Amino acid sequence: MTLPGGVFTPTTTVNLLLVTNAVSTPARVFIGWIADNHLGPFNTYIMSVASLAVTLFSWTAVTTAPGMYIWAVAFGITNGAAQAAYVGAIAGLTKDPKRIGIRIGMIFGIISFAVLAGPPTAGSIIDATGGTYHWAQVWGGSVELLAVVILMVARWFVASDLWVAV
Amino acid sequence: MSSIKDLEKKGPEVTVTVVPISHSQVSLSSVESGTPPASEKGEEDEAPDGGWVAWRQVIAGHFINAISCGYSATFGIYQLYYTEALNLPAAQIAWIGSFQIFLNSLVCLLGGSLSDAGYARHCVWAGSLCVLIGTFMTSIATEYYQIFLAQGVLQGLGLGLMYMPSTSVVSSYFKRKRSLALTIASAGTGTGAIVFPATVQFLIPKIGFAWAVRCSGFVAVVICVIGCILLKPRLAPRKGAAIVDVSAFKEIPYVLFAVGTWFFYWALYFGFFYVRITSIPYYISSLVLGLPITNRSPVSH
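Residues numbered from 1 in each chain as written. Chains lettered and ligands numbered in written order. Predicted model: local features only at pLDDT ≥ 70, side-chain atom pairs only at ≥ 80, totals over all residues. Heavy atoms only, no water.

**Student:** Talk me through the overall build of chain A; I want residue IDs and the actual numbers.
**Tutor:** Helix and strand counts for chain A stand at five helices and zero strands. When the backbone C-alpha atoms are referred to their principal axes, chain A occupies close to 55 × 30 × 30 Å. Sorting the 166 residues of chain A into buried and exposed places 52% on the buried side. For chain A, long-range pairs separated by at least 24 residues make up 69% of all intrachain contacts whose partners lie at least 6 apart in sequence. (Helix = DSSP H or I, 4+ residues; strand = E, 2+ residues; numbered from the N terminus. Buried < 20%, exposed > 50% of the residue type's maximum accessible area, 1.4 Å probe, protein only. Contact = heavy atoms within 4.5 Å.)

So this is what it looks like as structure tokens:
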């Protein structure tokens, strides 16, 4: 849902950005600790992406300025956690430590096209739905859910036991 | 120093007994040089998982990530300047930011294989140089193609070269605490995303755009140099390292991981810049593609 005009100005949205960045830093460190000591890096990564999907879906319900700040906190935590957990997860999948660089680098090479395609995709959904953001938000949440499903299949190939820390 | 060399010639046993305790580092280094290269096999397989050298890499990774992932957070401020002061079209300028992020991520491929091949530090130095030249070129650029070359190409290339070496080096020092080490390093993203935009935004009204950009470049120089000095690869270079490891694609979990992560980043990016767009419905709609760049907290990162 789009917020009423005038609630945020270009200057005050910088606050939202700062909130998002500020909470993502401790979230990153915390998620690393969780990954090492409790859940395992791959499980942590999947759960972080799942929480990101929930966050994106919940965005459709945000209608007020305080709500937007609360949402920015949630988004900062979940996106920071997922981005940080991802590198640990792929490092954990790599058996030969001398191939860490190339194997992580290859994933980055592949996702560079996702990064390039993301904004235009979102932009065309917004255009196609008359400038509102509702369906773009739904799209975002759905894509993250799809990512969770694919990653869970990958996780199953690594270890079929659901409760083992991977 | 000459006396140490003399001692080394006599053999490591002599060194250990002669050198007083207060010079323990000296005795250590000479003992190391006296022993055969045992680090070829056994030691390399065991990640130390702690200790000063290992945590030093985490600090280096934090600094390098502050540049490689945090530096481009400033682009939103640049974009405002280009559109308002230079009267360049917003959508075109936004494309520069998108291209920088794309190149940044794509070049990680090169940086990754180069760091496996033993060129981790070279990569970081070369990347730093590209970023710094790109920054100083930015401060004097006035035409669209100049900005594209400086920020889109040169900085994108440099930031991409810097990211993977620090990540793979940090990773090589840890096993049980690997995720924590990597995430503390990646938290540098937040540090950079606060330091650099703050520097530029604070200084533009005081000393003007060109010098504000140069100052952020000076800050980057210091951070780059500290990161480069602290970084110390642990593993011996992998021989015959190619730019693509085809064998990885034969592993189903790896392929599925790549596909899943592709979708994760496809929508993540959108989600990220979206913070500002939904919040400012009447704010220049042509900036739609540009806004994300302000929030860009890393592709990688």
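**Student:** I'd like a rundown of the nonpolar core, residues and numbers included.
**Tutor:** With 86 residues, the main nonpolar core has Tyr 45 and Tyr 86 of chain A together with Ile 67, Phe 257 and Phe 264 of chain B as its most contacted residues. The contact partners of Phe 257 of chain B, leaving out residues within four places of it in the chain, are Phe 42, Tyr 45, Tyr 86, Ala 89, Ile 90, Leu 93, Ile 107, Leu 151 and Ala 154 of chain A. Counting residues in hydrophobic clusters, the runner-up holds 19 residues, among them Phe 75, Phe 102, Val 107 and Val 200 of chain B. (Core = buried A, V, L, I, M, F, W, Y, C linked by side-chain atoms within 4.5 Å.)

**Student:** Could you give an account of the pattern of salt bridges, with specific residues and numbers?
**Tutor:** Scanning the model with the defined rule gives four salt bridges over all chains in all. Among the ionic pairs, Arg 99 of chain A bridges to Asp 245 of chain B, the shortest N-O distance being 3.2 Å. With Arg 99 of chain A in the loop between α3 (65-93) and α4 (100-128) and Asp 245 of chain B in the loop between α12 (209-230) and α13 (252-279), this pair bridges two chains. Residue classification places Arg 99 of chain A among the partly exposed positions, given a relative accessible area of 26%. Since its relative accessible area comes to 6%, Asp 245 of chain B is described here as buried. One network of salt bridges, in which partners are shared, links Asp 96 and Arg 99 of chain A together with Asp 245 of chain B. (Salt bridge = Lys/Arg side-chain N within 4 Å of Asp/Glu carboxyl O.)

**Student:** Which residues make up the packing of helix α5 (residues 52-68) of chain B against helix α11 (residues 188-207) of chain B, and what values do they have?
**Tutor:** For any two helices packed against each other, one specifies the crossing angle of their axes together with the interaxial distance. Residues and elements named next belong to chain B. Where α5 meets α11, the axes come as close as 7 Å, and the angle between the chain directions of the two elements is 50 degrees. Compared by their axis directions, α5 and α11 come out oblique. Of the two elements, α5 crosses α11, and the hand of that crossing is right-handed. Residues His 62, Asn 65, Ala 66 and Ile 67 of α5 pack against Gly 188, Thr 189, Thr 191, Gly 192 and Phe 196 of α11. Partitioning the contact of α5 with α11 into residue classes produces three nonpolar, six polar and no charged. (Axes fitted to C-alpha atoms, helices over the stretch in contact; angles between N-to-C directions. Parallel < 35°, antiparallel > 145°, perpendicular 65-115°, else oblique. Left-handed = near helix turned anticlockwise from the far one by under 90°. Nonpolar A, V, L, I, M, F, W, Y, C, P; charged D, E, K, R; others polar.)

**Student:** Break down the interface of chain A and chain B for me, with residues and values.
**Tutor:** On the side of chain B, 81 residues touch chain A, which itself brings 87 residues to the contact. Buried area between chain A and chain B, summed over both chains or domains, comes out near 7400 Å², and the portion from carbon and sulfur atoms is 74%. Across the chain A-chain B interface, the total number found is two salt bridges. The interface formed by chain A and chain B includes 16 residue pairs in polar contact (both at pLDDT 80 or more). Elements supplying a minimum of two residues to the side of chain A that touches chain B: α1 (10-39), α2 (41-58), α3, α4 and α5 (134-158) of chain A. Of all the elements, α4 of chain A adds the most residues to the side of chain A that touches chain B, at 24 residues. Of the residues in the side of chain A that touches chain B, the class split is 60 nonpolar, 20 polar and seven charged. (Buried area = accessible area lost by both parts, 1.4 Å probe. Polar contact = N/O pair within 3.5 Å; in protein donor to acceptor, adjacent residues only side chain to side chain.)

**Student:** Outline α5 of chain B, supporting the account with residue identities and numerical values.
**Tutor:** A rise of 1.5 Å per residue sets the reference length of α5 of chain B, with its 17 residues, at 24 Å; its end C-alpha atoms lie 24 Å apart and thus fit the reference within 8%. Listing the buried residues of α5 of chain B in full gives Ala 54, Arg 56, Gln 57, Val 58, Ala 60, Gly 61, Ile 64, Asn 65, Ala 66, Ile 67 and Ser 68 of chain B. (Expected span 1.5 Å × (residues − 1).)

**Student:** Can you lay out unusual backbone geometry for me, pointing to particular residues and giving the numbers?
**Tutor:** All names here are of chain B. The backbone of Asp 49 sits at a positive phi, close to 60 degrees, despite the residue not being glycine. Relative accessible area serves as the criterion here: at 9%, Asp 49 is assigned to the buried category. Not every positive phi belongs to a glycine, and Asn 87 is a case in point at roughly 60 degrees. Turning to its location among the elements, Asn 87 is positioned in the loop between α6 (75-84) and α7 (90-116). For Asn 87, a relative accessible area of 63% corresponds to the exposed category.

**Student:** Tell me about the packing of aromatic side chains, and name the residues and values.
**Tutor:** With the rule as written, the count across this model stands at 29 aromatic pairs over all chains. With 5.1 Å between their ring centres and 80 degrees between their planes, Phe 108 of chain A and Tyr 163 of chain B make a pair best called edge-to-face. One end of the pair, Phe 108 of chain A, is in helix α4; the other, Tyr 163 of chain B, is in helix α9 (residues 144-172), on a second chain. For the pair Phe 108 of chain A and Tyr 163 of chain B, one class covers both residues: buried. The ring of Trp 211 of chain B carries the charged tip of Arg 214 of chain B above its face, separated from the ring centre by 4.6 Å. (Phe/Tyr/Trp six-rings, centres within 6.5 Å; stacked < 30°, edge-to-face > 60°. Lys NZ or Arg CZ within 6 Å of the ring centre and 35° of its normal.)

**Student:** Account for the confidence of the model for chain B, with residues named and values stated.
**Tutor:** Close inspection of predicted coordinates is inappropriate for parts of the model with low pLDDT. All names here are of chain B. On average, residues of chain B score 78 in pLDDT, and 74% of them reach the 70 mark or higher. Counting interchain partners and residues more than four positions distant, the pLDDT-below-50 stretch residues 274-301 has 114 contacts. Confidence estimates for the predicted assembly give a pTM of 0.81 and an ipTM of 0.94. (pLDDT = per-residue confidence, 0-100.)

**Student:** Just give me the short version of the confidence of the model for chain A, but keep the residues and values in it.
**Tutor:** Residues and elements named next belong to chain A. Residues at a pLDDT of 70 or more form 92% of chain A, whose mean pLDDT is 87. Ranking the elements of chain A by mean pLDDT puts α1 last, at 84, and α2 first, at 96. Per-residue pLDDT stays below 50 along residues 1-6; that stretch engages in 23 contacts with residues further than four places along the chain or on separate chains.

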